[in-house]
Amino acid sequence: MDGEAVPQTADPAGPIRVFLLDDHEVVRRGLRDLLDAESDLKVVGEAANAREAIARAPAVRPRVAVLDVRLGSSGDGGDHEGIEVCRELRARLPDLACLMLTSFDDDEALFDAIMAGAAGYVLKQINGSDLVSAVRTVAGGRSMLDPGATARVMARLRGPAPSGPVELENLSPREREILQLIGDGLTNRQIAERLFLAEKTVKNRISAILSKLGVGRRIQAAVIAERIKERETGQ
């Protein structure tokens with residue numbers, strides 16, 4: 001069932017089970033060859049796009065998912081679509097460690113990755129032995145997020161909200177509800193299920209919310225939602 005957590009049942013004494021997501025076949029093949037050459041690692045599945053990843057990964061029960069942050073030009077939301085995959089897969093596989101792989105040193109993407117629960121974030125320029133080490137690190141429950149970059153991200157969360165209450169007055173009660181669910185880290189699909197709406201309707205509502213708030217990205221709306229929650233709870 002969508003959104004239902006799938007227990008991790010792999011033998012802890014066996015190889016680390018790895019799932020790959022990258023829209024370039026050559027990259028996936030190179031990653032598979034690199035990881036499968038290690039006796040303690042085993043690639044159990046791969047996908048070229050978000051839809052395939054969400055459909056295939058839960059069935060093969062990986063311990064680590066190596067996810068490309070940017071999946072080509074897949075339209076609205078595609079720029080950081082790999083991070084949405086991380087969020088969705090972790091909702092289904094709570095023990096999954098997601099290692100985000102990107103060609104760009106981008107604080108905005110790092111911010112998104114941390115909010116999605118990623119265990120690590122590395123550049124594609126990383127050498128093979130270091131990538132293998134990164135997979136083992138996150139599989140062992142440790143973080144591969146740079147402490148300095150993480151500190152910058154958390155400072156942004158603690159800082160002023162990027163939008164004020166004037167913009168919030170323009171939101172309908174339903175839009176406020178969706179904004180709060182965005183702040184809780186739910187995907188479009190999960191919001192649709194929670195509110196009994198079509199996923200396309202949720203997507204359109206979120207576009208309207210971003211416009212009314214005067215922000216361009218979902219993660220900015222999530223920060224606003226977090227600041228509202230802090231004010232309401234007096235934290």
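What counts as what
Residues numbered from 1 in each chain as written. Predicted model: local features only at pLDDT ≥ 70, side-chain atom pairs only at ≥ 80, totals over all residues. Heavy atoms only, no water. Buried < 20%, exposed > 50% of the residue type's maximum accessible area, 1.4 Å probe, protein only. Helix = DSSP H or I, 4+ residues; strand = E, 2+ residues; numbered from the N terminus. Arc of directions from axis to C-beta. Contact = heavy atoms within 4.5 Å. Polar contact = N/O pair within 3.5 Å; in protein donor to acceptor, adjacent residues only side chain to side chain. Pairing = 2+ DSSP bridges. Axes fitted to C-alpha atoms, helices over the stretch in contact; angles between N-to-C directions. Parallel < 35°, antiparallel > 145°, perpendicular 65-115°, else oblique. Nonpolar A, V, L, I, M, F, W, Y, C, P; charged D, E, K, R; others polar. Expected span 1.5 Å × (residues − 1).

### A word on helix α2 (residues 50–60)
- What α2 keeps buried is the set A50, A53, I54, A57 and P58. For α2, the buried positions fall inside an angular range of 100 degrees around the axis, keeping them on one side. Among the exposed residues of α2, those pointing more than 90 degrees away from its buried face are R51, A55 and A59.
- Of the surrounding elements, those touching the buried residues of α2 are β1 (16–21), β2 (41–47), α3 (81–92) and α9 (188–195).
- Capping of α2 at its N-terminal end is provided by N49; its side-chain oxygen lies 3.2 Å from the backbone amide nitrogen of R51.
- R61 sits one or two positions beyond α2 and adopts a positive phi of about 50 degrees.

### A closer look at the sheet that holds strand β5 (residues 120–123)
- The strand order across the open sheet formed by five strands is β2-β1-β3-β4-β5, and the pairing between neighbours is parallel. Only two strands of the sheet have a single partner each, and these edge strands are β2 and β5. Each adjacent strand pair in this sheet contributes to an overall mean axis angle of 25 degrees, direction not counted.
- Each of β1 and β2 is contacted by α2, which is oriented at about 170 degrees to β1, the strand it contacts most.

### Observations concerning the packing of helix α8 (residues 173–183) against helix α10 (residues 199–213)
- Contact geometry of α8 with α10 gives a least axis separation of 10 Å together with a crossing angle of 95 degrees. Judged by the angle between their axes, α8 and α10 are roughly perpendicular. Counted together, R174, E175, I178, L179 and I182 of α8 and R205, I206, A208, I209, K212 and L213 of α10 form the full contact between these two elements.
- By residue class, the composition of the contact of α8 with α10 is seven nonpolar, no polar and four charged.

### Points about helix α1 (residues 25–36)
- Between its first and last C-alpha atoms α1 spans 16 Å; for twelve residues at 1.5 Å apiece the expected length is 16 Å, and the two agree.
- Every buried residue of α1 is listed here: R28, L31 and L35. Buried positions in α1, seen along its axis, are confined to an arc of 65 degrees and lie on one side of it. In α1, the exposed positions angled more than 90 degrees off the buried face are occupied by V26, R29 and D33.
- Structurally, α1 contributes buried residues whose contacts are with β1, β2, β4 (97–102) and α5 (128–139).

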